[in-house]
Structure formats: C-alpha cells, structure tokens
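# An overview of the molecular structure
Residues per chain, in single letters:
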Amino acid sequence: SASGLYKEMKIDLTKYPYLNWSWKIGSRLKPADETQKSGDDYVARVYVVISGGLFFWETKALNYVWSSTSQTGKVWPNAFAGSNAQMMSIRSNRDDVNIWYAEKRNVFEDLKSVFGEFFQYIDGIAIMTDTDNTKGKATSYYGDIYFSAE
C-alpha cells in the first residue's frame, strides 16, 4: 500500500530556503530499480510541490527519498510522472534503521539545480511511505518539518 499526507502552504524560498526535518525507518525495503514503475517505492520521502495551477500537467515536485538502491545525492525522474517529479536520494540502505536522522536541504538551490529553473515559491509539502509496487512492508517516522532562513 501507500500512505501520504499533503499540506498546502505557500513558502517564499527567497526568505526561507531551508527545509528541515527528521525521520527514521523501522526496516529497509528490498533493493529495487527505482527508475522503473515496478520499483518506484520508498520507505520514506519528503517532497515539495510547485503547483501548475489550472495546468496541472505543469506541476513540479522534488522528492527527497530514503532509497533502497541509489547512492546518496543521486537524482532521477520519477517513474510515473517523468521529468516533472524528480527524486533525490538523501538516505540509502547503508543508513541504520531505528535511528533518527536530522536533515537540512536548501530547497531553493536544489530546485534550481534539478529543474534548471528559478522558483521563488513552493505551494505544498508532503510525506509519503509506499510499497505498493514492490509489495514490501515499511514503517517510517517523521519528526518536525519546517522551513528556515538559515
């Protein structure tokens, strides 16, 4: 199955470019090819969304993921949404389970790097744990998620 939670919120990235969060996982997913639809599962992910408004096909998303196979720092297009949704590996199967990890990402710079465009605002943020394609099991925990100037 898949479980997600989305919060619509407008954040000015020129004032608050840093996304801060903490997360831990209870177990790892079996390695899968995350670039294919059959392997598009993540034990944990946090993503930011830039709305396409009436042109929903122009919506963009950057997913910070806990990967089952990709090295930390790797970026690739989402298997279902193509280049409009990009995945960025922040944690991998090399990281320990049942340990809280604190993360801090400059979303303004990450979006510019990944999409090659300037985005002043994001329109929402989401968390998601999913195993619907690989038929695995996952338990994830998410701590406070907030934006900051530094």
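The sections below set out a description of the structure shown in this document. (Residues numbered from 1 in each chain as written. Predicted model: local features only at pLDDT ≥ 70, side-chain atom pairs only at ≥ 80, totals over all residues. Heavy atoms only, no water.)

Before going further, it helps to spend a moment on the sheet that holds strand 9 (residues 140–148). What the 3 strands build is an open sheet, ordered 7-2-9; its pairing is antiparallel. Strands with a single pairing partner mark the edges of an open sheet, and in this sheet they are strand 7 (101–106) and strand 9. On average, each strand axis in the sheet is inclined to that of its neighbour by 20°, with strand direction left out of account. Across 7 bridges, strand 2 (residues 18–25) lies against strand 9 in antiparallel orientation. Among the inter-strand pairings, Tyr-18 is bridged to a residue of strand 9, identified as Ser-148. Contacting strand 2, strand 7 and strand 9, helix 1 (residues 107–115) runs over the sheet at an angle of about 65° to strand 7. (Pairing = 2+ DSSP bridges. Helix = DSSP H or I, 4+ residues; strand = E, 2+ residues; numbered from the N terminus. Axes fitted to C-alpha atoms, helices over the stretch in contact; angles between N-to-C directions. Contact = heavy atoms within 4.5 Å.)

What follows is about the packing of aromatic side chains. Overall, the coordinates contain 8 aromatic pairs when judged by the stated rule. Their ring planes at 70° and their centres at 5.4 Å tell us that Phe-55 and Trp-57 sit as a pair that is edge-to-face. Relative to Phe-119, the ring of Phe-115 has its centre 6.0 Å away and its plane inclined at 80°; by these criteria the two rings are edge-to-face. These aromatic residues form a ring-pair network of at least three members: Trp-21, Trp-23, Tyr-64, Trp-66 and Tyr-101. Over the face of the ring belonging to Tyr-141 we find Lys-24, whose NZ or CZ atom lies 5.1 Å from the ring centre. (Phe/Tyr/Trp six-rings, centres within 6.5 Å; stacked < 30°, edge-to-face > 60°. Lys NZ or Arg CZ within 6 Å of the ring centre and 35° of its normal.)

With that settled, consider the pairing of strand 3 (residues 42–50). Counting buried positions over the 9 residues of strand 3 gives 9, a clear majority of the element. Bridge count for strand 3 against strand 8 (residues 121–130) is 6 bridges, and the pairing is antiparallel. In the sheet register, Tyr-47 faces strand 8, and the bridge partner there is Ala-126. Looking at chain direction, strand 3 and strand 4 (residues 60–66) are connected through 7 bridges and run antiparallel. Note that in strand 4 the partner of Tyr-47 across the bridge is Asn-63. (Buried < 20%, exposed > 50% of the residue type's maximum accessible area, 1.4 Å probe, protein only.)

In this section: the side chain of Ser-70. Along the chain, the position of Ser-70 falls in the loop between strand 4 and strand 5 (75–78). Residue classification places Ser-70 among the buried residues on the basis of a relative accessible area of 7%. Of the polar contacts made by the side chain of Ser-70, one reaches the side chain of Glu-34; its length is 3.1 Å. Beyond its immediate chain neighbours, meaning those up to four positions away, Ser-70 contacts Glu-34, Trp-76, Ser-89 and Ser-92. (Polar contact = N/O pair within 3.5 Å; in protein donor to acceptor, adjacent residues only side chain to side chain.)

With that settled, the discussion passes to the environment of Ser-1. Tracing the chain through its elements places Ser-1 in the segment before strand 1 (2–12). On the basis of relative accessibility, which here comes to 70%, the residue Ser-1 falls in the exposed class. The sequence separation of Ser-1 and Ile-25 amounts to 24 residues, and the corresponding C-alpha distance is 16 Å. Setting aside anything within four residues of it in sequence, one finds Ser-1 in contact with Thr-129, Asp-130, Thr-131 and Asp-132.

Ranked by internal contacts, the top residues of the largest apolar core, which has 28 residues, are Leu-19, Val-48, Val-107, Leu-111, Ile-122 and Phe-147. Judged by nonpolar contacts, the second largest core, of 6 residues, contains Tyr-47, Ala-61, Ala-126 and Met-128. (Core = buried A, V, L, I, M, F, W, Y, C linked by side-chain atoms within 4.5 Å.)

Here we take up the pairing of strand 8. With respect to burial, strand 8 is a largely interior element, 9 of its 10 residues being buried. As defined by bridge partners, strand 1 adjoins strand 8 across 9 bridges and the pair is classed as antiparallel. Paired with Ile-11 across the bridge in strand 8 is Ile-122.

These results come straight from atomic positions and should not be treated as a statement about function.
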